[in-house]
Amino acid sequence: MPESRTYGRRRRALPATTSATEKAGFEVGKREAVTGRVVSTGAGGPTQMAGWDAMDKTASASGSDMYLKVTEEATVIKIIGDGPFDVYNSHWIEEIEDGSKSVRCWGTPDCPLCVVGDKAKRFSACFDVISLEDPDSPVLKIWEAGIKIARQLKDIATDGKRGPLNRGDLYFTIKKEQKKKSVEYTLERVKERDLYEEYDVEPLSDEALAAFLAEAHQWGDVVKEKLDEDAMEEVVDLVMES
Ligand SMILES: [Zn+2]
(Lines give C-alpha, C1' and ligand atoms only; values in the text may rest on other atoms or scores of the structure.)
Protein backbone atom coordinates (compact mmCIF):
# COMPACT_ATOMS: atom_id res chain seq x y z
CA MET A 1 0.00 0.00 0.00
CA PRO A 2 1.29 3.45 -0.85
CA GLU A 3 1.54 5.87 2.03
CA SER A 4 -1.45 8.09 2.42
CA ARG A 5 -0.34 11.65 1.73
CA THR A 6 -1.88 14.84 2.90
CA TYR A 7 -2.08 17.93 0.79
CA GLY A 8 -2.92 21.50 1.40
CA ARG A 9 -4.70 23.54 3.94
CA ARG A 10 -7.62 21.22 4.27
CA ARG A 11 -5.31 18.40 5.14
CA ARG A 12 -7.30 16.07 2.99
CA ALA A 13 -5.76 12.67 2.67
CA LEU A 14 -5.12 12.17 -0.97
CA PRO A 15 -5.23 8.58 -2.06
CA ALA A 16 -2.67 7.38 -4.50
CA THR A 17 -3.86 8.81 -7.76
CA THR A 18 -5.30 6.12 -9.89
CA SER A 19 -3.90 6.92 -13.27
CA ALA A 20 -0.62 5.12 -12.81
CA THR A 21 -2.02 2.37 -10.67
CA GLU A 22 -5.01 1.94 -12.91
CA LYS A 23 -2.78 1.79 -15.92
CA ALA A 24 -0.96 -1.01 -14.17
CA GLY A 25 -4.30 -2.64 -13.53
CA PHE A 26 -5.10 -2.26 -17.19
CA GLU A 27 -1.96 -4.20 -18.06
CA VAL A 28 -2.80 -6.87 -15.52
CA GLY A 29 -6.31 -7.03 -16.89
CA LYS A 30 -4.99 -7.64 -20.37
CA ARG A 31 -2.73 -10.41 -19.20
CA GLU A 32 -5.56 -11.98 -17.31
CA ALA A 33 -7.82 -11.80 -20.29
CA VAL A 34 -5.25 -13.63 -22.39
CA THR A 35 -4.47 -16.13 -19.69
CA GLY A 36 -8.17 -16.74 -19.22
CA ARG A 37 -8.49 -17.68 -22.85
CA VAL A 38 -5.65 -20.13 -22.78
CA VAL A 39 -7.09 -21.87 -19.76
CA SER A 40 -10.64 -21.92 -21.03
CA THR A 41 -9.86 -23.27 -24.47
CA GLY A 42 -7.42 -25.90 -23.27
CA ALA A 43 -6.20 -27.12 -26.64
CA GLY A 44 -3.24 -25.55 -28.42
CA GLY A 45 -0.17 -23.69 -27.26
CA PRO A 46 0.09 -20.02 -26.44
CA THR A 47 1.31 -19.29 -29.97
CA GLN A 48 -2.06 -20.26 -31.37
CA MET A 49 -3.60 -17.79 -29.02
CA ALA A 50 -1.41 -14.95 -30.20
CA GLY A 51 -3.93 -13.84 -32.79
CA TRP A 52 -6.34 -13.04 -30.03
CA ASP A 53 -3.95 -10.75 -28.20
CA ALA A 54 -4.86 -7.67 -30.16
CA MET A 55 -8.50 -8.45 -29.80
CA ASP A 56 -8.15 -8.81 -26.08
CA LYS A 57 -6.60 -5.39 -25.89
CA THR A 58 -10.09 -4.02 -26.05
CA ALA A 59 -11.54 -6.71 -23.84
CA SER A 60 -13.96 -5.59 -21.22
CA ALA A 61 -11.60 -6.95 -18.60
CA SER A 62 -9.36 -3.99 -19.28
CA GLY A 63 -9.91 -2.00 -16.13
CA SER A 64 -13.40 -0.54 -16.22
CA ASP A 65 -12.48 1.20 -12.95
CA MET A 66 -10.52 3.67 -15.03
CA TYR A 67 -13.72 5.21 -16.29
CA LEU A 68 -16.00 7.67 -14.65
CA LYS A 69 -19.33 6.04 -13.98
CA VAL A 70 -22.09 8.52 -14.60
CA THR A 71 -25.14 7.75 -12.49
CA GLU A 72 -28.54 9.25 -11.83
CA GLU A 73 -27.04 11.13 -8.90
CA ALA A 74 -25.11 14.20 -9.98
CA THR A 75 -21.38 13.55 -9.63
CA VAL A 76 -19.08 16.51 -9.04
CA ILE A 77 -16.03 16.48 -11.26
CA LYS A 78 -13.08 18.72 -11.99
CA ILE A 79 -11.89 18.57 -15.57
CA ILE A 80 -8.14 18.44 -16.10
CA GLY A 81 -6.98 19.92 -19.36
CA ASP A 82 -8.83 22.30 -21.63
CA GLY A 83 -9.96 19.65 -24.08
CA PRO A 84 -10.24 15.92 -24.68
CA PHE A 85 -6.98 13.99 -24.95
CA ASP A 86 -8.45 11.34 -27.22
CA VAL A 87 -11.38 11.45 -29.62
CA TYR A 88 -12.64 8.53 -31.65
CA ASN A 89 -15.61 6.75 -33.15
CA SER A 90 -16.30 3.12 -32.50
CA HIS A 91 -18.14 0.30 -34.18
CA TRP A 92 -20.52 -1.70 -32.06
CA ILE A 93 -20.17 -5.38 -32.90
CA GLU A 94 -22.91 -7.39 -31.28
CA GLU A 95 -21.32 -10.64 -32.53
CA ILE A 96 -18.27 -10.26 -30.29
CA GLU A 97 -18.91 -12.46 -27.31
CA ASP A 98 -15.44 -12.52 -25.83
CA GLY A 99 -14.39 -9.01 -24.94
CA SER A 100 -15.57 -5.53 -25.71
CA LYS A 101 -18.22 -5.17 -28.39
CA SER A 102 -16.96 -1.68 -29.02
CA VAL A 103 -14.20 -1.54 -31.64
CA ARG A 104 -12.29 1.64 -32.34
CA CYS A 105 -12.79 2.79 -35.92
CA TRP A 106 -9.50 3.31 -37.70
CA GLY A 107 -10.87 6.68 -38.79
CA THR A 108 -9.54 6.19 -42.30
CA PRO A 109 -11.33 4.96 -45.44
CA ASP A 110 -9.50 1.61 -45.20
CA CYS A 111 -11.03 0.72 -41.81
CA PRO A 112 -12.03 -2.92 -42.43
CA LEU A 113 -15.37 -2.54 -40.65
CA CYS A 114 -16.24 0.62 -42.57
CA VAL A 115 -15.24 -1.16 -45.78
CA VAL A 116 -17.83 -3.90 -45.18
CA GLY A 117 -20.48 -1.28 -44.54
CA ASP A 118 -20.62 -1.21 -40.76
CA LYS A 119 -21.10 2.31 -39.44
CA ALA A 120 -19.00 3.61 -36.54
CA LYS A 121 -21.92 5.07 -34.66
CA ARG A 122 -20.53 5.79 -31.24
CA PHE A 123 -18.52 8.93 -30.62
CA SER A 124 -16.23 9.32 -27.61
CA ALA A 125 -14.32 12.34 -26.41
CA CYS A 126 -12.08 11.35 -23.52
CA PHE A 127 -11.24 13.72 -20.70
CA ASP A 128 -9.23 13.33 -17.54
CA VAL A 129 -11.42 14.28 -14.62
CA ILE A 130 -11.11 14.19 -10.88
CA SER A 131 -14.21 12.52 -9.55
CA LEU A 132 -15.47 13.88 -6.25
CA GLU A 133 -18.19 11.29 -6.01
CA ASP A 134 -16.67 10.51 -2.64
CA PRO A 135 -15.51 13.99 -1.59
CA ASP A 136 -13.04 12.51 0.89
CA SER A 137 -11.36 10.39 -1.76
CA PRO A 138 -10.99 12.33 -4.97
CA VAL A 139 -9.88 10.06 -7.73
CA LEU A 140 -8.62 10.51 -11.27
CA LYS A 141 -10.85 8.95 -13.91
CA ILE A 142 -11.26 8.92 -17.66
CA TRP A 143 -14.55 10.38 -18.74
CA GLU A 144 -15.85 9.29 -22.11
CA ALA A 145 -18.30 11.92 -23.20
CA GLY A 146 -20.71 11.42 -26.08
CA ILE A 147 -21.26 13.91 -28.84
CA LYS A 148 -23.96 16.02 -27.17
CA ILE A 149 -22.03 16.61 -23.98
CA ALA A 150 -18.78 17.03 -25.91
CA ARG A 151 -20.41 19.84 -27.90
CA GLN A 152 -21.57 21.53 -24.71
CA LEU A 153 -18.07 21.25 -23.32
CA LYS A 154 -16.61 22.72 -26.46
CA ASP A 155 -18.99 25.67 -26.27
CA ILE A 156 -17.86 26.35 -22.72
CA ALA A 157 -14.19 25.74 -23.53
CA THR A 158 -14.22 28.25 -26.35
CA ASP A 159 -16.24 30.87 -24.53
CA GLY A 160 -13.93 33.45 -23.01
CA LYS A 161 -16.33 34.12 -20.16
CA ARG A 162 -17.40 30.58 -19.23
CA GLY A 163 -14.22 28.70 -20.07
CA PRO A 164 -11.69 27.25 -20.20
CA LEU A 165 -12.77 23.86 -18.88
CA ASN A 166 -9.81 23.64 -16.52
CA ARG A 167 -10.27 27.08 -15.03
CA GLY A 168 -9.26 27.05 -11.40
CA ASP A 169 -12.65 27.92 -9.95
CA LEU A 170 -14.65 25.73 -12.29
CA TYR A 171 -16.23 22.39 -11.45
CA PHE A 172 -18.97 20.44 -13.19
CA THR A 173 -21.66 17.98 -12.34
CA ILE A 174 -22.76 15.23 -14.64
CA LYS A 175 -25.70 12.90 -14.29
CA LYS A 176 -27.80 10.69 -16.50
CA GLU A 177 -31.43 9.91 -16.84
CA GLN A 178 -32.91 6.87 -18.49
CA LYS A 179 -35.53 7.97 -21.00
CA LYS A 180 -37.82 5.63 -22.89
CA LYS A 181 -35.46 5.00 -25.75
CA SER A 182 -32.21 6.60 -24.73
CA VAL A 183 -30.06 7.82 -21.91
CA GLU A 184 -29.90 11.54 -21.45
CA TYR A 185 -26.94 13.26 -19.84
CA THR A 186 -27.05 16.57 -18.04
CA LEU A 187 -23.96 18.70 -17.53
CA GLU A 188 -23.82 21.67 -15.22
CA ARG A 189 -21.14 24.17 -14.40
CA VAL A 190 -20.52 24.79 -10.73
CA LYS A 191 -18.39 27.60 -9.35
CA GLU A 192 -15.96 26.66 -6.65
CA ARG A 193 -17.63 29.03 -4.23
CA ASP A 194 -20.95 27.18 -4.58
CA LEU A 195 -19.55 23.68 -4.29
CA TYR A 196 -19.95 23.27 -0.59
CA GLU A 197 -23.34 24.85 -0.30
CA GLU A 198 -24.83 23.04 -3.25
CA TYR A 199 -23.09 19.68 -3.13
CA ASP A 200 -21.38 19.36 0.25
CA VAL A 201 -18.08 19.12 -1.53
CA GLU A 202 -14.91 20.99 -0.50
CA PRO A 203 -12.87 22.33 -3.40
CA LEU A 204 -9.58 20.60 -4.10
CA SER A 205 -6.45 22.21 -2.73
CA ASP A 206 -3.87 23.51 -5.20
CA GLU A 207 -1.49 20.79 -4.06
CA ALA A 208 -4.03 18.03 -4.67
CA LEU A 209 -4.81 19.45 -8.07
CA ALA A 210 -1.15 19.62 -9.00
CA ALA A 211 -0.68 16.01 -7.93
CA PHE A 212 -3.53 14.88 -10.17
CA LEU A 213 -2.33 17.04 -13.01
CA ALA A 214 0.99 15.23 -12.96
CA GLU A 215 -0.86 11.96 -13.59
CA ALA A 216 -3.00 13.20 -16.45
CA HIS A 217 -2.91 12.04 -20.06
CA GLN A 218 -1.28 13.95 -22.89
CA TRP A 219 -3.04 14.81 -26.12
CA GLY A 220 -2.64 11.81 -28.40
CA ASP A 221 -2.68 9.17 -25.67
CA VAL A 222 -5.22 6.54 -26.63
CA VAL A 223 -7.89 5.11 -24.38
CA LYS A 224 -8.76 2.29 -26.69
CA GLU A 225 -6.14 0.88 -29.03
CA LYS A 226 -6.94 0.31 -32.67
CA LEU A 227 -7.13 -3.36 -33.57
CA ASP A 228 -4.47 -4.38 -36.06
CA GLU A 229 -5.30 -5.89 -39.43
CA ASP A 230 -5.38 -9.50 -38.24
CA ALA A 231 -7.65 -8.78 -35.32
CA MET A 232 -9.89 -6.65 -37.51
CA GLU A 233 -10.12 -9.54 -39.95
CA GLU A 234 -11.39 -11.76 -37.15
CA VAL A 235 -14.03 -9.19 -36.28
CA VAL A 236 -15.06 -8.74 -39.91
CA ASP A 237 -15.40 -12.54 -40.19
CA LEU A 238 -17.71 -12.55 -37.18
CA VAL A 239 -19.83 -9.85 -38.76
CA MET A 240 -19.97 -11.56 -42.16
CA GLU A 241 -20.80 -14.97 -40.69
CA SER A 242 -23.89 -13.71 -38.93
ZN1 LIG B 1 -14.48 2.13 -39.16
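All figures in this text were calculated on a predicted structure; none of them were measured in a lab.

Some remarks on the environment of Leu195
Then comes step 1: One can find Leu195 in helix 5 (residues 192-199).
Then comes step 2: The class for Leu195 is buried, based on a relative accessible area of 0%.
Then comes step 3: The sequence separation of Leu195 and Tyr171 amounts to 24 residues, and the corresponding C-alpha distance is 8.0 Å.
Then comes step 4: In contact with Leu195, other than residues within four places in its own chain, are Val76, Tyr171, Val190, Asp200, Val201, Glu202 and Pro203.

So, the side chain of Lys224
Then comes step 1: With respect to the helices and strands, the residue Lys224 is situated in the loop between helix 6 (206-213) and helix 7 (229-241).
Then comes step 2: Glu144 provides the closest opposite charge to the buried, salt-bridge-free Lys224, at an N-O distance of 6.6 Å.
Then comes step 3: One polar contact links Lys224 to Ser100, side chain to side chain, over a distance of 3.5 Å.
Then comes step 4: For Lys224, the side chain forms a polar contact with the main-chain oxygen of Ser102, separated by 3.1 Å.

Observations concerning the coordination of the zinc ion
Then comes step 1: At this site the zinc ion is bound by His91 (NE2), Cys105 (SG), Cys111 (SG) and Cys114 (SG), with donor distances of 2.1 to 2.3 Å.
Then comes step 2: Seen from the zinc ion, its four donor atoms lie at angles of 102 to 114°, and the figure they make is tetrahedral.
Then comes step 3: All donors to the zinc ion come from one chain, and their sequence spacing reads H-x13-C-x5-C-x2-C.
Then comes step 4: For Cys111, a relative accessible area of 0% translates into the label buried.

Calculation criteria
- Residues numbered from 1 in each chain as written.
- Predicted model: local features only at pLDDT ≥ 70, side-chain atom pairs only at ≥ 80, totals over all residues.
- Heavy atoms only, no water.
- Helix = DSSP H or I, 4+ residues; strand = E, 2+ residues; numbered from the N terminus.
- Buried < 20%, exposed > 50% of the residue type's maximum accessible area, 1.4 Å probe, protein only.
- Contact = heavy atoms within 4.5 Å.
- Lys, Arg positive; Asp, Glu negative; His and termini not counted.
- Salt bridge = Lys/Arg side-chain N within 4 Å of Asp/Glu carboxyl O.
- Polar contact = N/O pair within 3.5 Å; in protein donor to acceptor, adjacent residues only side chain to side chain.
- Donors = N, O, S within 2.8 Å, 3.2 Å for Na, K, Ca; no water.
- Tetrahedral: all angles 85-135°; square planar, octahedral: opposite > 155°, others 65-115°.

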